[in-house]
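Letter by letter, the chains look like this.
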Amino acid sequence: MSAPGIPPGPIRSSVEAPPRGGANRWEDDMAIADGAPREHATQSDVARAAGVSRGLVSLALKGGGRMSERTRERILQAARDLDYQPNGAAAQLASRRSSRLVIVLPYLDNPFFDILVRHIRREAARVGHSLVVLVSDLEARLEESTIADALRMRPAGLILPGTRMGAEALERLGGRLPVCLLDRALPGHVVATAHMDETSAAEQVMEHLAGLGTRHIAYLTPARILHERLVDARGLACRAAAQARGMSFSSASCADGAPPALDSALTSAAGPAAIVAYNDLLAIDVAAALFQRGARLPLASYDNTRLASRPEFSLTSVDQDPAALARAAVGMLTGAGPAPGVATIAPSLVIRASTAVPGAPTEAPA
């Protein structure tokens, strides 16, 4: 395939002599066919092959410059022969403009992030941007170094779907480049945020569980290594919605696994209990613990990932509308949407067998 901006050359015979450079160059080309890496050709390589200056190559590849058509065609043919591809990153650095967005994921375990990244990549491509994905593992020093790596790329914007950074650190970061936070809103709106309405989500979950006759809610959270700041905010929203409906509330961390967390959270249960897991990933462990105990308690979670819809789990789960989150984040960072601010996304509760009343329809938003 010709590089962008380089006209295709004439069709050649399928049998050719080894390329200029002899057998070693031929072996290099064969290695590429086998998947082995090879250094990309540069404009200097094209200049040497065409017998001209690098500056003239740059002009010819841009379609400008004063030169004979014969010289221009010789340069373009050399570029085709070397499979020259323009270095977009270098061009962006030179112009101090970037069409690159960076997203720093807190960890890779959660399939929700896979869904989210796919939507963000599509939205970025739609407005002429690319997406780079980095991972921080929610470890403070690694998160700091990962964000430093992102800054060195001079991106058009940084997307943070889960971070341990506080408001002051995020405000400082937002002073260096456009930032969009996806896990929570911040006091004073120090950076752009696109987040699910946690209050609405909790209200929908608790209304559904209260309708099943639930009197106690056990909220289970992940181990500390996977503990985003959103974990606590979600718990507060669930507590308020539960207590508003006359249900008692307790929470426990699954630091030592789901079974002891279940025991701890249900100790204070007075009357029928239900479990709310922080996300689908954790809910799968909880479902396994319930199965091992032979217990049948209503179980709801968040994210509505592929795990939730699998028939062996069939989890009632909150859908965050990742497509809307992606549109809002990319739009605010690239100027393709509203001015940076706060975008609050409406959630929906998808009811499945893990909380369904016998005989009631499932797979439908509440």
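For the structure itself, look to the data block above.
The shown structure was predicted, so the numbers you read here are calculated from the model rather than taken from an experiment. In this numbering scheme, every chain counts its residues from 1 along its sequence in written order. Per-residue local features of the predicted model are confined to residues with pLDDT of at least 70, and side-chain atom pairs are confined, for both listing and counting, to 80 or more; whole-chain, interface and lining totals are unaffected and use all residues. Excluding hydrogens and water, the side-chain figures rest on all heavy atoms present in the structure.

1. Structural notes on unusual backbone geometry
For clarity, the cut-off: Where helices and strands are cited, they refer to DSSP runs of H or I of at least four residues and of E of at least two residues respectively, numbered from the N terminus.
Of note, arginine 154 is a non-glycine position whose phi angle comes to about 50°, a positive value. Secondary-structure assignment places arginine 154 in the loop between helix H7 (140-152) and strand S3 (157-160).

2. Focus on the pairing of strand S7 (residues 248-253)
What counts here: Note: two strands are recorded as paired if DSSP finds a minimum of 2 bridges between them. Seen with the strands pointing away from the viewer, any crossover whose path from the first strand over the helix to the second strand runs clockwise is right-handed.
For strand S6 (residues 216-221) and S7, the ladder comprises six bridges, and the chain directions are parallel. Looking at S7, one finds that leucine 220 is bridged to alanine 252. The parallel pair S6 and S7, bridged by helix H10 (residues 229-244), forms a crossover whose chirality is right-handed.

3. Notes on helix H3 (residues 54-61)
To keep it simple, the criterion reads: Note on classification: 1.4 Å probe, protein chains only; a residue is buried when its accessible area is under 20% of the maximum for its type, exposed when over 50%, partly exposed between these limits. The arc in question is traced by the directions running from the helix axis to the C-beta atoms. It only takes one pair of heavy atoms within 4.5 Å for two residues to be counted as in contact.
The complete set of buried residues in H3 reads Val57, Ser58, Ala60 and Leu61. Looking down the long axis of H3, one finds its buried residues gathered within 165° of arc, a one-sided arrangement. For H3, the elements touching its buried residues are helix H2 (43-50) and helix H4 (69-81). Remark: glycine 63 follows H3 within two positions and exhibits a positive phi of approximately 85°.

4. Quick notes on the packing of helix H9 (residues 198-210) against H10
Inclusion rule: Only the stretch in contact is used when a helix axis is fitted, and all axes are lines through C-alpha atoms; the angle between N-to-C directions ranges over 0 to 180 degrees. The scheme is simple: roughly parallel for angles under 35 degrees, roughly antiparallel for over 145, roughly perpendicular for 65 to 115, oblique for anything else. If you view the pair so one helix is near and one far, a crossing is left-handed when the near helix is turned anticlockwise from the far one by less than a right angle, and right-handed when it is turned clockwise.
For the pair H9 and H10, the least separation of the axes is 8 Å and the interaxial angle reads 50°. One way to sum up the angle between H9 and H10 is to call them oblique. Handedness of the H9/H10 crossing: right-handed. Between H9 and H10, the contacting residues are Glu198, Ala202, Glu203 and Met206 on the first element and Leu230, Arg234, Ala237, Cys238, Ala241 and Ala242 on the second.

5. Some thoughts on the packing of helix H6 (residues 111-126) against helix H14 (residues 322-334)
Two numbers describe a pair of packed helices, the interaxial angle and the distance between the axes. For the record, the criterion: Side-chain classes follow a simple rule in which Ala, Val, Leu, Ile, Met, Phe, Trp, Tyr, Cys and Pro form the nonpolar group, Asp, Glu, Lys and Arg form the charged group, and the remainder, Gly included, forms the polar group.
With their axes 8 Å apart at the nearest point, H6 and H14 run at an angle of 45° to one another. Relative to H14, H6 is oriented oblique. Where H6 crosses over H14, the handedness of that crossing is right-handed. Judged by residue contacts, Phe112, Ile115, Leu116, His119, Ile120, Glu123 and Ala124 of H6 engage Pro322, Ala323, Leu325, Ala326, Arg327 and Val330 from H14. Here the residues of the contact of H6 with H14 sort into 10 nonpolar, one polar and two charged.

6. Some remarks on the sheet that holds strand S2 (residues 130-135)
Here we have six strands laid out as an open sheet, ordered S2-S1-S3-S4-S5-S11, and parallel in their pairing. Among the strands making up the open sheet, the edge pair consists of S2 and strand S11 (342-345). For this sheet, the mean inter-axis angle between neighbouring strands, taken without regard to orientation, is 20°. The sheet contact formed by S3 and strand S4 (residues 179-181) spans three bridges and is parallel. Opposite leucine 160, over in S4, you have leucine 181 as the bridge partner.

7. A few points about the nonpolar core
Going by this rule: For this analysis, a nonpolar core means a set of buried residues of the types Ala, Val, Leu, Ile, Met, Phe, Trp, Tyr and Cys, connected via side-chain atoms within 4.5 Å.
In this structure, Val205, Met206, Ile217, Leu220, Val276, Val286 and Tyr302 are the most contacted members of the largest nonpolar core, which totals 43 residues. Contacts of methionine 206, omitting those with residues within four sequence positions, involve Ile217, Cys238, Ala241, Ala242, Arg245, Met247 and Val276. In terms of nonpolar packing, the next biggest core, distinct from the first, is built from 28 residues, Ile103, Ala192, Leu325 and Val330 among them.

8. Brief notes about the environment of histidine 189
Turning to its location among the elements, histidine 189 is positioned in the loop between S4 and strand S5 (192-196). When the C-alpha atoms of histidine 189 and alanine 167 are compared, they prove to be 9.3 Å apart, with 22 residues separating the residues in sequence.

9. Thoughts on the packing of aromatic side chains
Let me state the cut-off plainly: Stacked, tilted and edge-to-face pairs are distinguished by plane angle, under 30 degrees for stacked and over 60 for edge-to-face with tilted covering the rest, among Phe, Tyr and Trp rings (Trp via its six-membered ring) whose centres lie within 6.5 Å. In our convention, an over-ring charge means Lys NZ or Arg CZ found within 6 Å of a ring centre and within 35 degrees of that ring's normal.
Overall, the coordinates contain three aromatic pairs when judged by the stated rule. Their ring planes at 75° and their centres at 5.5 Å tell us that tyrosine 107 and phenylalanine 113 sit as a pair that is edge-to-face. One exposure class covers both tyrosine 107 and phenylalanine 113, and it is buried. Counting every residue linked through ring pairs, the aromatic cluster contains Tyr107, Phe112 and Phe113. Its end group placed over the ring of tyrosine 302, arginine 234 keeps NZ or CZ at 4.0 Å from the ring centre.

Everything listed here is a matter of geometry and, on its own, says nothing about what the molecule does.
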